[in-house]
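Letter by letter, the chains look like this.
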Amino acid sequence: MYSEWASLSAQITANSCGAQCFSVLNKFPASAGREVVVSVVKQLGTNLGITQNAEPSHLVKDEEVKWCMDVICFGLSLPLQEHETIKDCVNVYCEWLTALHPQPRISVPKPICEDANLYARQIINHFHNLFVPRQGESADTIKRQAVLCHRVLRTLQQTAQISQLMDRQTWDTLLLFLLAINEILLAPPTVKDDVGDQLCERVLSVLFEVWLLACVRSFPSPSMWKTLQESCAMWRHRVALVDQWNRVNLALTARLLEFSYGPAFPQLKNADEDGQLIPIGMSNDCVAQTWYRFLRMIGNPTALCSPHIISKSSHFVQWALTHEKGAETHQHPCLQQLPQIFLNAMKGISSQVDAFLGLSKTSLIGLTGGGARNAISSSTTTSSTIAASTTSGASSSSSTVAIGGSGGGAGIPAGPGIPGSTGTGAGGGSAPVPVPTTPTSTSGPPSASSSINSLPLTSMGAGVELAVARPKCNSILHVFHEWLFEAAHIGGDTWRQNRKKQACEASKRPSSMIMEHRKGSISLSQPNSLNDPQSLPPTLTIDKYESGRAEAIGTLCKIFCAKKTGEEILPVYLARFYMALQQCLKITESRECDETLASILLHSSDLFRLDLDGINVLLPGFIAALEIVLPDKDLKLKTQSMVFNRTELRRSAINILLSIMVLPLHYQTLPIRDLTSETSEKMFTFIQLKSRLMNILMNALQVETDAQNTHMLLGGLLLCVQDAVTFEETELGGGNANLSHNSSGVQHHEANLLSSACSERSASLVSAGTASLGGQTTATMGAGSGSIRDTASAHDYPSLTISDDMSFEFGQELEGVTTYDNAHALFVRATYLVCHRLISSWKTDLNVSLAALELLSGLARLHIRETDALECKRAVKWICDYICYQCSRPPPAHSKDLHSTIVAAFQCTAAWLMQHPYLLQDKDCLQTVLEVVELGISGTKSQSKGTDIPKFKDEKELKPASMRVRDAAENLLTIILEQVGYFPSECGPESISSLLDELALMKHCNSMVPAAAASSEQAIAKFKYFVTENSTILALLEEPLGNDQDPQPTVTLLIRGPFGRHAWTMQLRHLPRSKSGIKYHAVNPGRPIPMNDVTQRLDCEQKNFPDGVDKVQPCVADYSIPTIEQMREQYGTASIRELESMLENQSIHEKLAWAEADTSADSLSHAQECVPPAVCHEFHAARLFLSHFGFLGFETRNPHNPAEALGNPPQRPLIVLDTKSTAFAADLDRLDKLSARTHDTVYVFYVKSGQTSAQQIIANMAEEQSAGHDPHFASMLQTLGWPVQVSEHSGWTGFAHNSWSLKGTPEEQLKSTANELNYNGSQRVLYWADVSSEIAFVVPTTWNLRYNSDTSDGGSISSTDQISSSNVWARGESESAAVLAKSKSRNLSLELDTNRRDAKEPVPPTRRKGNVTKPTLLAQAPAKIFLVWLESYEDYLNFPLEDVLAYTRTGEELHTLQLPRASDCHVIFVHSLLSGLLRVKLQGPPGRMSFATPLVDGMVLSRRVVGNLVRQTALNISRRRRLDNDNYQPPHVRRRLKVQDIVQKYKMDLSEAELLAHLFQRAI
């Protein structure tokens, strides 16, 4: 830089020599000179005002002053035994120097005041004598000399600061003097505790601080700068030089950033004293000039790795010549510090790079002032580190400083860029937990304690953000590239080759070069290679510089990871960077993780996410590095000066893994070239790396103990399996699933890492792949979950996958893929591993348990052709065991978190059974599942062991673990009984309820006039309403529907229960339909012809008594029956006569009747047949149904029941509802509007590059704008769900007012639009549903803002009751005050009513009820989830969350305690990379359970799976939010409470007799 300028080093030497022989007293014997000095200086010293009052000086002439100065000059060179005399000399000169001050002291001689600059220059030169080291002095006298030197330095520094008189010449003299004393003290090899060692730091700091002052007052000439540079090259063996250099550089950099990038740029905060280094009044231009010159001052730091270069000065040569054993210059013990000095220099450069990247939000104290000195064990820590909590590493030479950061309470390490700065270990004590130091730490979640039991999940992106306005990578590299690239190569192969080449060149040059006095070479270009490198002491071998090399390569990684979207980096820089990385990633034979490897992994989380040209050539190297770090439980870290937090290191490695997982299937057979060898021997293809990646992932998951890392790995695992499954379906011909599974007769049997994965793999994978090579096949995945839908309804699922063309080579490549690479084997390994670890080690951690259960649910939904039933059965068994274990834990462990995991496990079980209904055909599996359901509902199993006698339901006490657990178990039971194998029903997946209601049924009723448009009130009047079990409303219609001609007793039921609305028609038949083809009430079939044969009748006399009765002797008893005569006598003749006449009359009447019958046409003699009675069309079908189904069995009163003893009536099996009230229809409608499934909404936005306002972003979805979209955006939308017309849709639409309504007649159609992406909810939305949840994807446009403002006044919700009925989030709705008084307050998460019907029958748990009249407000709004497509990744920083909230209202916000806030929103950012892959960024509220899998912050996805994974993540986020909310009620609970509310309002208190009478009354 100053090659054209002359150096002033000769002048420095002359001044030094001149000062020593300047005094005339040197001509005399030393004793004579000493006596003169003592007497003169003592006299001068008495006038200074130190011991007595100061007096004006008696020296009035120049000659007098010069004579005295001659004496003092000699006095300063006296031996240190004359301490008092030397001290007086110093005092006199220090006083006289005040002549340069604005107010000189009174004792300063007049000539000096008049020509202060001239005399000051002489005084400054004379001071040189004081600093010359004396030989053979004791430690005590050296300390005294140091004290005097400190005094002089302080005086000179103070004078320079406050003097207004100093001219340029004086400034130059002062600077040259400081250079000279630095040289005399620092150039010789370091000797511990000599004066140079004691003053080292002080003389350097004064030199640099005064030099900075000179830059403002009198900018040094180029010659002066050159001299400084040359001098510094000779002091590089001193640790303090680099420390002071770092200190000044960072102070200057802080000022440079202020004016270069403005106040918005993150401020570089240094220690307070370092902040005062820069003089006030230094102009911006001056700062820039000074900064650059200081930066280049010590030359190339890599020279520090060559002891030969550092020891080239004459002082080292002199030491070597005088050494008794004839040592080489580079063997001086002081050079042992070189590795530490090199590391400090690299840390300084790294800190400057951090500052330019905007990573300087916290102090860099660790590198400046005391922090860096703290790294050398011999010195003490200065005040600059007192404010920080210091953590010492294993060695005394590595200390790091953690400082409490501003956001989220996380500390941030002292020196960003120092991988050692990992804070206070993993104990989770009171010290702040540090955030990773990488500039890319935004991509990794924040640090957590490494105990698996705790995961303080703050926002996952809470790491240190890079500055938005940071300079381009090229700009930073222009400044630092040479040093960093050279440092990164130190000790590598290329470095060794260069050394050999340079040694050859050096051997041709004359050896006199070594003896040159001043040319301390400052670059590697002139190494002194004549000394054999083998002669280096073992502490200076090249591997000892590993720490500095690691710092350099880590800094390079940071720079390249700071690349913005679309930014160009010069190819030469990329090439050098890749070469350096390849060298550094070389794995040693010991397979240890050294500092370089750790530093690369820590700082390159983002490397594969940035569209860096050609980055994939490094893939094999990185995979080899991950194979060392991730699968090892006890990672061996080979470190020297750095301290690494293993958890942070693993987290960073996992981030890299997540960004390369999808590459093998994306690039398939594309070869990866080796950077160094030109032959293709070592060439890999991408697909060959797949099995290695899978093994890393599985093994990492097996040994991981940190909760956050486990969470990330689980997300990555589902991505892998999902990608493999979708790939095989689409690329390998999912349409060819009908191929024979053994078509090629090949069966692979290969031992797997996990024993359960040894299942047979069919060869259809290969055959299917080769059979469909030419074509482009797509598979339709039902609901994205794998069930191919074959129902004939109009709701055909669209293809939820995207197919790309498949290369021909790929089919052949598959032959080489190992068995456990296909989707089925991955599925088996993943299921086995996750279930095993869930049971063994994850069950105590809430977040890891939830992530594992989410992963298992995701695996259940995969559609794998050769699914192994045994594996699925085992998975369900494991999940059930998990539930049993969690329920059986002791009471103190039962917390909200524990119950959340149990609820999630029930949901996971439901997912498996829904996707694999054949599991319920297995007796063992069915038994296991139902036992667990019973355990959830009642709290115990009927048979705890297989040999126990089962305990019946009515004998058990109802003690579920909690209400939430019971609700979840009930839900699972209903799904098993109603939905498994039957979903989706004929109504389509958008409804699990029947689409019929009273109005629809009445339209099909015989009695209705077709033209009459009935109202719902009229329709309801035709039904009878009963409630059973206080939770199910039965609506009974006794008229047969028009499609049934049978006059059977027919009843049509509408059953409204907690799990939806179902319609049934029942008939009372005496014969099954199959046997009643000929109707039994058909036309009379006739009868047989009568036979006219008259039989012969024998005449015989009728006898009343046997023949011999008269011969029997009568006895007394015979006479007890009176004779007729006796009767006449007793009653009189008249009564008897009357009776006789009655008999006579009757016989006459009968004879007349017979005669009349014989003559009539109906008589039997006319052969007239009997006709069957008319068919009865009037049935009391409702009564028959209720009777036959046991609803009319009235219980007898039990006087022992305490509830009945108090006079309460026994619980009736049936409650009659009074339907005459006008509000009844509205209440029923509100019940129907409560969905039996959860519902969520995701809002999708498209952000073009650079857009920051909500209006611009919303306008992107306007019809005229849609042409400019990334085509992959439309593809992604199609894979999120299937498009539905809002007017015909009976599920959740994203808006409360028009969801779950029966769309019998289409609503008024809005004007149609041609835009295919118009899913704003006005006409179409994207919709997806499974058995337990619905999700709508809305793409807002300006219409949403208008719509929201129209309805936000409450127009869509009229009555207060609807508010409470649409209330999803409040637990407890309404019941009368009497019930409220009876029910106890809910203790913890469970309450049981003590009232019992009788001793055996349990009373179900009751819930806390709210008030009837008041509308309940939501305790917490449903989660707002946004999916944002970014054209430019950096735009996520400026996404206007607050502003777009106005476009995302569903109509439910009116009922929340607080409106949704931007801070509560979850945002999934998706950025499309040039490779066609997608990068994910997650942002959300800080919370224990905010972040759900499978998407993980920083993950790179394939387009194949993006829709599926986004949807799963959104559902899981919502599920976690519900689990975390104490007041949340599941949908079936809300429906049950609504039914109870209707019962309270409309029940009729009827006695048994009145109830029976009611049943005989007809409906209208």
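All values derive from a computational prediction rather than experimental measurement.

Cut-offs used in this document
Residues numbered from 1 in each chain as written. Predicted model: local features only at pLDDT ≥ 70, side-chain atom pairs only at ≥ 80, totals over all residues. Heavy atoms only, no water. Helix = DSSP H or I, 4+ residues; strand = E, 2+ residues; numbered from the N terminus. Buried < 20%, exposed > 50% of the residue type's maximum accessible area, 1.4 Å probe, protein only. Contact = heavy atoms within 4.5 Å. Areas by Shrake-Rupley, 256 points an atom, 1.4 Å probe, with all protein chains shown as cover. Expected span 1.5 Å × (residues − 1). Polar contact = N/O pair within 3.5 Å; in protein donor to acceptor, adjacent residues only side chain to side chain. Pairing = 2+ DSSP bridges. Axes fitted to C-alpha atoms, helices over the stretch in contact; angles between N-to-C directions. Phe/Tyr/Trp six-rings, centres within 6.5 Å; stacked < 30°, edge-to-face > 60°. Salt bridge = Lys/Arg side-chain N within 4 Å of Asp/Glu carboxyl O. Arc of directions from axis to C-beta. Patch = residues over 30% accessible without salt bridge, like charges linked within 9 Å, V, L, I, M, F, W, Y side chains within 5 Å. Parallel < 35°, antiparallel > 145°, perpendicular 65-115°, else oblique. Core = buried A, V, L, I, M, F, W, Y, C linked by side-chain atoms within 4.5 Å. Disulfide = S-S within 2.5 Å. pLDDT = per-residue confidence, 0-100.

## What to know about the overall build of the protein chain
When helices and strands are counted, the protein chain shows 52 helices and 21 strands. Considering the protein chain as a whole, with its 1564 residues, one finds that 56% of them fall into the buried category. Pairs at least 24 apart in sequence give 75% of the contacts found in the protein chain among residues at least 6 apart. Accessible area for the protein chain stands at about 67400 Å²; split by element, carbon and sulfur atoms hold 54% of it.

## What about helix H32 (residues 846-860)?
An ideal rise of 1.5 Å per residue puts 21 Å on 15 residues; H32 measures up with 21 Å between its terminal C-alpha atoms. Where H32 begins, the capping side chain belongs to Asp 845, and its oxygen is found 3.2 Å from the backbone nitrogen of Asn 847.

## Describing the sheet that holds strand S10 (residues 1050-1057)
Read from one edge to the other, the open sheet built from six strands follows the order S11-S10-S9-S8-S12-S21, with strand pairing classed as antiparallel. The outermost strands of the open sheet, each flanked by one partner alone, are strand S11 (1060-1067) and strand S21 (1547-1548). Alignment of strand S8 (residues 1024-1028) against strand S12 (residues 1215-1217), held across two bridges, turns out to be antiparallel. Within S12, the residue paired with Phe 1026 across the bridge is Val 1216. Seen against the sheet, helix H43 (residues 1223-1232) touches S8, strand S9 (1032-1037), S10, S11 and S12 and runs at an angle of roughly 65° to S10. The strands touched by helix H52 (residues 1552-1560) are S8 and S12; relative to S8, the strand with the most contacts, the crossing angle is about 140°.

## Remarks on the packing of aromatic side chains
All chains considered together, the criterion is met by 34 aromatic pairs. For the pair Phe 577 and Tyr 578, a centre-to-centre distance of 6.1 Å together with 45° between the ring planes defines the contact as tilted. Per residue, the accessibility class of Phe 577 equals that of Tyr 578, and both read buried. Consider the rings of Phe 1245 and Phe 1426, whose centres lie 5.4 Å apart with planes at 70°: the pair is edge-to-face. With Phe 1245 in strand S13 (residues 1238-1247) and Phe 1426 in strand S17 (residues 1425-1430), this pair connects stretches of sequence that are 181 residues apart. A residue is classified by how much of its surface remains accessible, and Phe 1426, at 0% relative accessible area, is buried. An aromatic cluster is built from Tyr 1243, Phe 1245, Phe 1426, Tyr 1433, Tyr 1436, Phe 1439 and Phe 1469, whose rings are joined through pairwise contacts.

## Structural notes on the pattern of salt bridges
It is possible for side chains of opposite charge to pair when their charged atoms get near one another. A full pass over the atoms with the stated rule returns 33 salt bridges. Here Glu 209 ties to Arg 247 by a salt bridge, and the two come within 3.4 Å at their closest N and O atoms. A residue pair is termed long-range when its members are at least 10 positions apart, and Glu 209 in helix H10 (residues 195-217) and Arg 247 in helix H12 (residues 239-261) qualify at 38 residues. Since its relative accessible area comes to 17%, Glu 209 is described here as buried. By relative accessible area, Arg 247 is classed as buried at 9%. A salt bridge links Asp 1227 to Lys 1538; the nearest nitrogen and oxygen atoms lie 3.4 Å apart.

## Re the pairing of S17
For S17, a buried count of six out of six residues is recorded, marking the element as mostly surrounded by other parts of the structure. What you see with S17 is no split at all: Ile 1425, Leu 1427 and Trp 1429 on one side and Phe 1426, Val 1428 and Leu 1430 on the other are buried throughout. Pairing of S13 with S17 involves six bridges; the strand directions are parallel. Bridge pairing in S17 places Phe 1245 opposite Val 1428. In the sheet, S17 pairs with strand S18 (residues 1466-1472) via six bridges, with the strands oriented parallel. When the bridges of S18 are listed, Trp 1429 appears paired with Val 1470.

## What to know about unusual backbone geometry
Pro 984 follows Phe 983 through a cis peptide bond whose omega is -5°. The step from Thr 1493 to Pro 1494 runs through a cis peptide bond, and the omega angle for that step is 5°. Looking at the secondary structure, you find Pro 1494 in the loop between strand S19 (1478-1483) and strand S20 (1500-1501). Positive phi is not limited to glycine here, since Glu 1029 has a value of about 55°. Of note, Glu 1029 is situated in the loop between S8 and S9. The phi torsion at Trp 1300 lies on the positive side, around 55°, for a residue other than glycine. Structurally, the position occupied by Trp 1300 is in the loop between strand S14 (1282-1285) and strand S15 (1324-1329).

## Notes on H52
Those residues of H52 that fall on the buried side of the exposure criterion are Leu 1555, His 1558 and Leu 1559. Down the axis of H52, the smallest arc covering the buried residues is 100°, so these residues share one side. Among the structural elements, S8, helix H41 (1181-1188) and S12 are those in contact with the buried residues of H52.

## So, a nonpolar patch on the surface
Together, Leu 1139, Met 1142 and Leu 1143 line one region of the surface with nonpolar side chains, adding up to about 330 Å² of accessible area. Tracing the sequence through the fold places Met 1142 in helix H40 (residues 1133-1159).

## What about the packing of H12 against helix H17 (residues 338-357)?
H17 packs onto H12 with a crossing angle of 5° between their chain directions and a minimal axis gap of 10 Å. Viewed along their axes, H12 and H17 adopt a mutual orientation that is roughly parallel. Contact with H12, carried on its side by Val 239, Val 242, Asp 243, Trp 245, Asn 246, Asn 249, Leu 250, Thr 253, Leu 256, Leu 257 and Tyr 261, involves Ile 341, Asn 344, Ala 345, Gly 348, Ile 349, Ser 351, Gln 352, Ala 355 and Phe 356 of H17 and no other residues of that element.

## Description of the nonpolar core
Formed by 345 residues in total, the largest nonpolar core has its most connected members in Trp 96, Trp 912 and Phe 1426. When residues of this core are assigned to their parent elements, the largest contribution, 14 residues, is made by H10. If we skip the residues at most four places from it in the chain, Trp 912 touches Phe 827, Thr 831, Leu 856, Ser 857, Leu 859, Ala 860, Cys 872, Ala 875, Val 876, Ile 879 and Leu 919. Among the nonpolar cores identified, the runner-up in size contains 23 residues, and Leu 1001, Cys 1005, Val 1027 and Leu 1037 belong to it.

## Remarks on the sheet that holds strand S16 (residues 1333-1338)
Hydrogen bonds between backbone atoms are what pair the strands of a sheet, whose relative direction is either parallel or antiparallel. Ordered by their spatial adjacency, eight strands build an open sheet running S14-S15-S16-S13-S17-S18-S19-S20, and the pairing between neighbours is mixed. Bordering the open sheet on either side are S14 and S20, each of which pairs with just one other strand. Sheet topology places S18 next to S19; six bridges connect them, and they run antiparallel. Each bridged residue has a counterpart across the sheet, and for Val 1467 the counterpart in S19 is Gln 1483.

## Thoughts on the state of the cysteines
Evaluated as defined, the whole model comprises zero disulfides. The thiol of Cys 908 is not disulfide-bonded; the next cysteine sulfur, from Cys 835, is found 7.8 Å away.

## Topic: the environment of Asp 613
Relative to the elements of secondary structure, Asp 613 occurs in the loop between helix H23 (595-603) and helix H24 (619-629). Taking the C-alpha atoms as reference, Asp 613 lies 8.8 Å from Ile 569; in sequence the two are 44 residues apart. The contacts of Asp 613, once residues within four sequence positions are left out, are Leu 574 and Tyr 578.

## Description of the packing of helix H28 (residues 707-730) against H32
The geometry of H28 relative to H32 is characterised by a closest axis approach of 9 Å and an angle of 5° between their N-to-C directions. It follows that H28 is roughly parallel to H32 by the angle criterion. Contacts between H28 and H32 involve Ala 707, Thr 710, His 711, Leu 714, Leu 717, Leu 718 and Val 721 from the first element and Val 848, Ala 851, Ala 852, Leu 855, Gly 858 and Leu 859 from the second.

## Topic: the pairing of S11
Sheet topology note: the S10/S11 ladder contains eight bridges and is antiparallel. The residue of S11 that forms the bridge with Val 1051 is Met 1066. Connecting the antiparallel pair S10 and S11 is a turn made up of two residues.

## With respect to the confidence of the model for the protein chain
Interpretation of the predicted coordinates at a detailed level should be avoided for regions scoring low in pLDDT. Counting all residues, the mean pLDDT for the protein chain is 74, and 71% of those residues have values of 70 or more. The least confident element of the protein chain is strand S3 (residues 411-413), whose mean pLDDT is 33; the most confident is S18, at 93. Every residue in residues 361-463 is under pLDDT 50, and counting partners more than four places away or in other chains gives 261 contacts.

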